[in-house]
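# Structure at a glance
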Amino acid sequence: MDAFYPFFKLIFEPILVFYIDSKSKKTCLITGNFCIFLSILIIILTKNPYWLIAVNLFMAIGFAIKDQVESTFAYSLITEKNEKKKRDLFLKIDGKSTSKYHIFSSISSLIAS
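Residues numbered from 1 in each chain as written. Predicted model: local features only at pLDDT ≥ 70, side-chain atom pairs only at ≥ 80, totals over all residues. Heavy atoms only, no water.

### A short note on the pattern of salt bridges
For clarity, the cut-off: Criterion for a salt bridge: a side-chain nitrogen of Lys or Arg within 4 Å of a carboxyl oxygen of Asp or Glu. Counting from the N terminus, the helices are DSSP H or I runs at least four residues long and the strands are E runs at least two residues long. Any residue under 20% of the maximum accessible area for its type is buried, any over 50% is exposed, and the rest in between are partly exposed; the area is computed with a 1.4 Å probe on protein chains only.
Overall, the coordinates contain 3 salt bridges when judged by the stated rule. Across the pair Lys 66 and Glu 70 runs a salt bridge whose closest N-O atoms are separated by 3.5 Å. Highlighted residues: Lys 66 and Glu 70, both in helix α3 (residues 51–77), separated by 4 residues, approximately one helical turn. For Lys 66, a relative accessible area of 17% puts it in the buried group. For Glu 70, a relative accessible area of 38% gives the class partly exposed.

### Quick word on the side chain of Lys 86
The line we're drawing: In this tally, Asp and Glu contribute negative charge and Lys and Arg positive charge; neither His nor the terminal groups of the chain are included. Contacts are residue-level and defined by heavy atoms, with any inter-residue pair within 4.5 Å sufficient.
Tracing the sequence through the fold places Lys 86 in helix α4 (residues 83–112). Of the side chains bearing the opposite charge, Glu 83 lies closest to the buried Lys 86, which forms no salt bridge; the N-O distance is 4.4 Å. Among all residues touching Lys 86, those that are not within four sequence positions of it are Tyr 75, Ile 78 and Glu 80.

### Things to note about the environment of Phe 104
Along the chain, the position of Phe 104 falls in helix α4. With relative accessibility at 58%, the residue Phe 104 sits in the exposed group.

Here's what the structure looks like:
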């Protein structure tokens, strides 16, 4: 069932570019997070394994939206006027957050196994 996720992401990623361009970044982030929440809710509540296809669909849509919008939204929130300082500050923040994400992800993987 997990093979559907990359398939759905491959199909919906180019289509979602048009959706993201037509909506605001904040609306897109809310939509992406809602799709991910909906997929987790389906995992919790369903007993039918065929619903996992819908889970993969909603996860693919949610993560495709978040992958495209999160970094540009974070960059737009930095109020620095100088573009070089703004870019350097964003790279510093993005690097720290990415490293912390990978640390917590590896710890949670160890706990789960």
